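# Structural characterization, general
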Amino acid sequence: MAHVLIGVVVFWHPAPGKRINQQLTYLVFEYTIHESMPIETFKIFKNNVLITLHDRICETPEEITDSLLFRTVLERAIAKLVQRNSFLLDIFEGRQSSPEDIDALIKTLGLLAKATVQLIRQDVPESKKFLRDPILFHDFVEYVYNYWRSFDRFVISDATSKDWDKRPYRTFNATIGQLTGLIRGMYRDIQENLTGIHPRIYRQVAAGAEVSSIAILKDIPFPTPVYKRLNAVPIIRQILLYPPLILNPPMNKRSGKFEKVDCNPLEFFDFKAQEWLCYPAKVGSLIILVYFHNNFAELGHSLCNLFEIAEDVDLTRSPDAVYAFGVPEGVLDRFGSFPTVFYDDEKNGILTGAVPGRDEFGYFGYLKKMMLTLHNIIMMKRGRLPFHGAFVRVVLKGGRDVNILFVGDTGAGKSETLEALRETGGTSIQDLVVIADDMGSLEIGSAGIIGYGTEIGAFLRLDDLSPGYALGQIDRAIIMSPNQVNARIVLPVTTFVNVIKGHKVHYVLYANNYEAVDANHPTIEFFKSSLQALGVFQEGAVMSKGTTTATGIVHSYFANIFGPPQYKELHEALASKFFQVFFDQGIPVGQIRTRLGLAGWERDGPAEASKELLRLLQTHST
């Protein structure tokens with residue numbers, strides 16, 4: 001490395017025995033130009049900053065200020081000030097910044113991390129213009145710091161040529177932890193050297209990256225070359241995040257459904273591997289490899305709160321499905337104007353999904369629901385009946401188990417009623433174990449109808465949750481679009497063992513959010529025949545809650561557009577068979593009126609439904 005001498009320290013000492021009556025102090029600045037910087041690349045996609053590490057991360061303030069990322073963020077921050085014609089531009093002479101001014105500004109910031117404004121102003125001529133008004137420069141530094149933190153920030157540790165994935169905790173400490181401490185400490189040193197004041201309050205904000213992942217290339221044994229190309233994309237093996245993570249993706253609701261097409265969408269585009277990552281998800285008993293473009297890094301990484309990451313042994317076989325989320329513009333246009341599509345590759349035993357990379361598809365629901373569509377199709381082919389709903393194990397006082405399956409569309413009040421049940425139950429309920437929060441499947445076993453889940457997490461509407469619940473879970477949460485309609489929270493709610501263990505079904509209830517409760521319409525009502533039950537479930541009515549672009553009462557086949565309508569003939573046969581078994585085995589099938597879709601009943605409706613449900617459960621005999 002090269003050193004540039006900017007100042008000299010001189011201490012004047014009087015002769016021994018004489019009083020010290022003056023002291024001369026000059027400052028040595030050794031501004032370091034690093035010839036061998038950490039090997040890192042970064043990309044800025046809209047509001048995402050992705051730093052890919054191939055070696056080590058910056059370890060000193062000099063390495064931070066010498067980095068291209070620092071300069072890029074600084075230039076972007078200044079450009080924002082120019083757009084607003086901000087008073088902060090007064091740090092520049094004539095309110096104009098040239099490349100030379102940026103060079104001097106970066107040098108000034110680097111020096112302020114080491115020394116006070118008085119010393120720098122005295123001995124570094126090019127810094128004087130910025131430090132004419134330390135309070136103004138203090139405000140500028142605060143602005144740049146907050147501008148950096150306004151990005152969703154990701155560190156991707158490339159473990160391909162290392163063993164970082166074998167020691168993830170140490171890797172995370174040496175990357176995301178070190179970067180956070182370095183940036184935060186550098187900010188504090190600059191502010192203190194500018195003002196000469198030590199803060200009384202220190203806030204430990206996530207100043208570095210909010211999410212870090214370790215990714216590695218894996219040789220997945222895909223059956224044909226069209227899939228083998230995917231092996232150039234790194235696969236995430238570990239993730240570290242600092243919750244609560246607050247994200248503002250481009251879209252806050254979903255529209256349309258996923259269409260089956262007659263050719264493989266992977267055949268029509270090439271992956272630029274450096275722009276993609278793979279999240280290998282355990283969706284129930286299936287392995288689905290989700291390839292997401294860096295444009296949607298915040299959504300792709302959020303899958304960690306919803307689906308378990310596949311184990312190494314899971315990646316030694318060909319996956320059950322692959323999903324490309326964020327396909328380049330125009331590639332899927334051959335499939336129509338709204339090309340959210342999947343292909344059933346029966347020859348190779350793989351389902352393939354694809355969604356375009358346009359902003360209108362930048363909603364977590366497009367990611368999650370396509371994965372569950374692929375899951376449901378595979379389950380139907382294996383003889384299981386998929387369901388869109390919640391399946392829970394309620395452990396009553398005394399240890400009696402009652403397992404309830406709620407079926408209903410998004411916004412029907414399934415999760416809200418269960419959360420109300422948790423509060424209503426008090427000491428009457430020992431435990432409430434989530435088996436499936438949104439999707440799952442049923443099979444006919446020797447012990448009866450057995451239910452399985454798919455996700456370890458939940459994707460819930462903030463508006464319909466009690467404030468206490470949302471706040472109580474915030475230390476694990478990913479919150480999306482908090483200032484918009486259909487604000488959502490993604491958080492883990494169960495374990496993978498609970499999801500795949502298999503539990504006997506004791507009750508099946510359709511979540512009805514659109515009908516009022518009166519003498520002829522009780523809160524919980526049971527059907528008298530499988531034909532009557534099938535009619536209600538098949539109609540799939542729900543009052544839309546703004547989670548999609550639909551409004552009012554809408555209907556969807558079995559409240560589940562994620563697979564059953566695309567394979568309707570197969571699903572019809574399975575549904576008829578399973579509903580007949582429900583009645584043959586004496587499993588009560590009915591509906592529960594949550595009233596979530598009725599104005600004024602958004603909270604009280606699920607609460608009242610939970611009370612009636614608790615009374616029912618307390619009379620249940622196993």
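In case you missed it, the structure is sitting above this.
Residues numbered from 1 in each chain as written. Predicted model: local features only at pLDDT ≥ 70, side-chain atom pairs only at ≥ 80, totals over all residues. Heavy atoms only, no water.

### Description of the overall build of the chain
Heads up, the rule is: Secondary structure follows DSSP: runs of H or I at least 4 residues long count as helices, runs of E at least 2 residues long count as strands, and numbering of each begins at the N terminus. Note on exposure labels: buried denotes an accessible area under 20% of the residue type's maximum, exposed denotes more than 50%, and partly exposed covers the range between, all computed with a 1.4 Å probe on protein chains only. By definition in these notes, contact holds between two residues if any of their heavy atoms fall within 4.5 Å. For the purpose of charge, His is not counted, nor are the chain termini; Lys and Arg are scored as positive and Asp and Glu as negative. For this purpose, a charge sits on NZ of Lys, CZ of Arg, CG of Asp or CD of Glu.
Each helix and strand in the chain was counted, giving 15 helices and 29 strands. Overall size of the chain, expressed as C-alpha extent along the three principal axes, is 105 × 55 × 45 Å. Put simply, the chain has 622 residues, and 58% of those count as buried. Contacts spanning at least 24 positions in sequence make up 76% of the contacts within the chain whose residues lie at least 6 apart. Looking at the chain, you have 64 positive and 69 negative side-chain charges, and the mean spots of the two groups are 3 Å apart.

### A closer look at the pairing of strand E15 (residues 350-356)
Where we set the bar: Pairing between two strands requires that DSSP report at least two bridges joining them.
For E15, the tally of buried residues reaches seven of seven residues, placing the bulk of the element in the interior. Side chains Ile350, Thr352, Ala354 and Pro356 of E15 all project onto a buried face; the interleaved residues Leu351, Gly353 and Val355 project onto the opposite face, where all are buried too. The pairing of strand E14 (residues 341-345) with E15 spans five bridges and is classified as antiparallel. Among the inter-strand pairings, aspartate 345 is bridged to a residue of E15, identified as isoleucine 350. Where E14 folds back on E15, the antiparallel hairpin that results is connected by four residues, among which glycine 349 adopts a positive phi of roughly 70 degrees.

### A look at unusual backbone geometry
Residue proline 244 is reached from proline 243 by a cis peptide bond, and omega for that bond is 0 degrees. As for its position among the elements, proline 244 is in the loop between strand E7 (235-241) and strand E8 (245-247). Even without being a glycine, lysine 46 presents a positive backbone phi close to 55 degrees. As for its placement among the helices and strands, lysine 46 is situated in the loop between strand E3 (40-45) and strand E4 (48-53). Overall, the relative accessible area of 48% leaves lysine 46 in the partly exposed class. Positioned with a positive phi, arginine 95 is a non-glycine residue whose angle comes to about 60 degrees. One can find arginine 95 in the loop between helix H2 (68-84) and helix H3 (99-112).

### Some details on the pairing of strand E5 (residues 152-158)
Side chains on a regular strand alternate between the two faces of the sheet. Counting buried positions along E5 yields seven of seven residues, so the element is predominantly enclosed. Residues Asp152, Phe154, Ile156 and Asp158 point to one face of E5 and Arg153, Val155 and Ser157 to the other, with burial holding for every one of them. Taken together, the six bridges between E4 and E5 define a ladder with parallel strand orientation. For isoleucine 51, the partnering residue across the bridge sits in E5 and is valine 155.

### Observations regarding the packing of helix H13 (residues 530-539) against helix H14 (residues 568-584)
The condition is simple: Between N-to-C directions, angles span 0 to 180 degrees; the directions come from axes that are lines fitted to C-alpha atoms, helices contributing only their stretch in contact. Each angle is binned into one of four classes, with values under 35 degrees roughly parallel, values over 145 roughly antiparallel, values of 65 to 115 roughly perpendicular, and all other values oblique. The hand of a helix crossing depends on one turn: near helix anticlockwise from the far one by less than a right angle means left-handed, and clockwise means right-handed. For this scheme, ten residues count as nonpolar: Ala, Val, Leu, Ile, Met, Phe, Trp, Tyr, Cys and Pro. Four count as charged, namely Asp, Glu, Lys and Arg, and the remainder, Gly too, count as polar.
Orientation of H13 relative to H14, taken along the N-to-C sense of each, is 130 degrees, at an axis distance of 9 Å. Looking at the two axes, H13 sits oblique to H14. You can see that H13 and H14 cross each other, and the crossing is right-handed. When H13 is examined against H14, the residues Ser530, Ala533, Leu534, Phe537 and Gln538 are found in contact with a partner set consisting of Glu572, Ala575, Ser576, Phe579, Gln580 and Phe583. Residues belonging to the contact of H13 with H14 are distributed by class as follows: six nonpolar, four polar and one charged.

### Points about the sheet that holds E8
Spatially, four strands are ordered E8-E22-E23-E21 in an open sheet, and the strand pairing comes out mixed. In the strand order of this sheet, the two ends are held by E8 and strand E21 (457-461), each with one partner. The mean angle between the axes of side-by-side strands here comes to 20 degrees, regardless of whether they run parallel or antiparallel. Sheet topology note: the E21/strand E23 (residues 488-492) ladder contains five bridges and is antiparallel. From the neighbouring strand, glycine 457 faces E23, where its bridge partner is proline 492.

### Structural notes on the packing of aromatic side chains
As a reminder of what qualifies: Within 6.5 Å between ring centres, the rings of Phe, Tyr and Trp (the latter by its six-membered ring) count as paired, and their orientation is classed by plane angle as stacked under 30 degrees, edge-to-face over 60, tilted in between. Counted as over-ring charges are cases with an Arg CZ or a Lys NZ within 6 Å of the ring centre that also lie within 35 degrees of the ring normal.
According to the stated counting rule, one finds 29 aromatic pairs in the structure shown. With a centroid separation of 3.7 Å and 5 degrees between ring planes, the pair formed by tyrosine 145 and tyrosine 187 is classed as stacked. Taken together, the residues tyrosine 145 in helix H5 (residues 134-149) and tyrosine 187 in helix H6 (residues 168-195) connect sequence positions 42 residues apart. When its relative accessible area of 18% is taken as the criterion, tyrosine 187 is described as buried. By the ring-pair criterion, three or more aromatic residues cluster together here, those being Tyr510, Phe527, Phe537, Tyr557, Phe558, Phe579 and Phe582. Arginine 384 extends its terminal NZ or CZ atom over the ring of tyrosine 452, reaching a point 4.1 Å from the ring centre. Its end group placed over the ring of tyrosine 557, lysine 568 keeps NZ or CZ at 4.9 Å from the ring centre.

### Considerations on the nonpolar core
In plain terms, the rule: Side-chain atoms within 4.5 Å are what join buried Ala, Val, Leu, Ile, Met, Phe, Trp, Tyr and Cys residues into a set we call a nonpolar core.
Counting 83 residues, the largest nonpolar core has Tyr279, Phe307, Tyr323, Phe325, Phe364, Leu442 and Phe537 as the members making the most contacts within it. If one sorts the elements of this core by residue count, helix H9 (residues 364-381) sits on top with eleven residues.

### Brief notes about the environment of aspartate 344
Just so we agree on the cut-off: Polar contact criterion, stated in full: a pair of N or O atoms within 3.5 Å, where within protein one must be able to donate a hydrogen and the other to accept it, and residues adjacent in sequence count only if both atoms are side-chain atoms.
Among the structural elements, aspartate 344 can be located in strand E14. Look at aspartate 344 and you get buried, because its relative accessible area is 10%. Those residues within four positions of aspartate 344 in sequence are excluded, and the remaining contacts are Lys260, Ile350, Leu351, Lys381 and Tyr567. Of the polar contacts made by the side chain of aspartate 344, one reaches the side chain of tyrosine 567; its length is 2.7 Å.

### Observations concerning H5
Spelled out, the test is: One less than the residue count of a helix, multiplied by 1.5 Å, gives the span that helix is expected to have.
Compared with an ideal rise of 1.5 Å per residue, which puts 16 residues at 22 Å, H5 spans 23 Å between its outermost C-alpha atoms and is within 8% of the ideal. Along H5, the positions that sit buried rather than exposed are Pro134, Leu136, Phe137, Phe140, Val141, Tyr143, Val144, Tyr145, Tyr147 and Trp148.

### Thoughts on the side chain of histidine 506
Relative to the assigned elements, histidine 506 resides in the loop between strand E24 (503-504) and strand E25 (507-512). Within the local environment of histidine 506, its side chain forms a polar contact with the backbone nitrogen of asparagine 403, the two atoms lying 2.9 Å apart. With residues near it in sequence (within four places) discarded, histidine 506 still touches Asp401, Val402, Asn403, Ile587, Pro588 and His620.

### Some points on helix H10 (residues 414-425)
Look at H10: 16 Å from first C-alpha to last across twelve residues, which is about the 16 Å you get at 1.5 Å a residue. Burial analysis of H10 places nine of its twelve residues in the buried class, the great majority of the element. Along H10, the positions that sit buried rather than exposed are Lys414, Ser415, Glu416, Thr417, Leu418, Glu419, Ala420, Leu421 and Gly425. Of the residues flanking the end of H10, it is glycine 426, one or two places downstream, whose phi is positive at about 55 degrees.

### Comments concerning the pattern of salt bridges
Short version of the rule: By convention in these notes, a salt bridge is any Lys or Arg side-chain nitrogen within 4 Å of a carboxyl oxygen on Asp or Glu.
Under the counting rule described, the total for this entry stands at 26 salt bridges. For the salt bridge of lysine 107 with glutamate 126, the shortest nitrogen-to-oxygen distance reads 2.8 Å. With lysine 107 in helix H3 and glutamate 126 in the loop between helix H4 (117-123) and H5, this pair connects stretches of sequence that are 19 residues apart. When its relative accessible area of 32% is taken as the criterion, glutamate 126 is described as partly exposed. A salt bridge links glutamate 515 to arginine 593; the shortest N-O distance between them is 2.8 Å. Of this pair, glutamate 515 sits in the loop between E25 and strand E26 (524-526) while arginine 593 sits in strand E29 (residues 589-593), and the two are 78 residues apart along the sequence. With relative accessibility at 25%, the residue glutamate 515 sits in the partly exposed group. Several salt bridges converge on common partners, so that one network encompasses Lys368, Lys369, Asp438 and Glu455.

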